[in-house]
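# Architecture at a glance
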Amino acid sequence: QVQLVESGGGLVQPGGSPRLSCAPSGSDFIIGDTYWYRQAPGKGRELVTTIRSGGYTSYVDSVKGRFTISRDNAKNTIYLQMNNLKPEDTAVYYCNARIMRMPGSYWGQGTQVTVSS
């Protein structure tokens with residue numbers, strides 16, 4: 001059974017720069033197209049950024065220039081570098097990814113990012 005494991009996040013001051021990571025459990029599962037979503041209190045889930053297996057990336061306008069999604073193929077891990085965080089970035093962040101040669105997509109457990117002084 002594939003599981004996506006997220007790490008990073010926590011309580012961050014405005015302007016902070018945490019990094020989230022997302023990786024499948026088990027070395028047999030190769031992570032493919034990956035999406036980071038976030039859900040703020042009282043709001044719906046929002047697609048924040050995408051990275052395709054070939055490297056294509058996209059971002060929601062509100063994070064462009066501040067967030068960077070990247071892939072480390074050697075570590076089979078996707079990273080979300082978040083810079084210059086604002087209180088409105090407070091949310092639970094979820095990764096969703098396709099796994100090579102596996103049907104469907106998989107969700108991480110979610111990691112809370114709280115931006116507050």
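For the structure, see preceding data.
These numbers come from a predicted model, not from an experiment.

### Some remarks on the pairing of strand E3 (residues 19-24)
With five of six residues buried, E3 is to be regarded as a mostly interior element. When strand E1 (residues 4-7) meets E3, the two strands line up antiparallel, connected through four bridges. Counterpart to Glu-6 in the pairing with E3 is Cys-22.

### Considerations on the environment of Asp-89
In this fold, Asp-89 is placed in the loop between strand E8 (77-82) and strand E9 (91-99). Here the alpha-carbon distance between Asp-89 and Asn-73, two residues 16 residues apart in the chain, equals 27 Å. Side chain to side chain, Asp-89 and Arg-38 meet in a polar contact 2.9 Å long.

### A short note on the pattern of salt bridges
Per the stated rule, a full pass over the model turns up five salt bridges. The salt bridge partner of Asp-33 is Arg-52, with a shortest N-O separation of 3.5 Å. Taken together, the positions of Asp-33 in strand E4 (residues 31-39) and Arg-52 in the loop between strand E5 (45-51) and strand E6 (57-59) put the pair 19 residues apart, joining distant regions of the chain. The closest approach of N and O atoms between Arg-66 and Asp-89, which form a salt bridge, is 2.7 Å. Here the residue Arg-66 occupies a position in the loop between E6 and strand E7 (67-72), and Asp-89 occupies one in the loop between E8 and E9, the gap between them amounting to 23 residues. Note on Arg-66: relative accessible area 7%, which makes it buried. Three or more residues are tied together by salt bridges with common partners; here these are Arg-38, Glu-46, Arg-66 and Asp-89.

Calculation criteria
Counting from 1, residues in each chain are numbered in the order their sequence is written. Note on the predicted model: pLDDT of at least 70 is required for a residue's local features to be given, and 80 or more for side-chain atom pairs to be given and counted; whole-chain, interface and lining totals, by contrast, use all residues. Water and hydrogen atoms were dropped before computing side-chain values, which therefore reflect all heavy atoms in the structure. Accessibility here uses a 1.4 Å probe with only protein chains present; expressed as a share of the type maximum, an area under 20% marks a residue as buried, one over 50% as exposed, and anything in between as partly exposed. Secondary structure elements follow DSSP: runs of H or I no shorter than four residues count as helices, runs of E no shorter than two count as strands, and numbering proceeds from the N terminus. Here, strands pair whenever DSSP counts at least two bridges between them. Two N or O atoms form a polar contact when they lie within 3.5 Å of each other; inside protein one atom must be a possible hydrogen donor and the other a possible acceptor, and for residues adjacent in sequence the pair counts only when both atoms belong to side chains. In the sections that follow, a salt bridge refers to a side-chain nitrogen of Lys or Arg positioned within 4 Å of a carboxyl oxygen of Asp or Glu.

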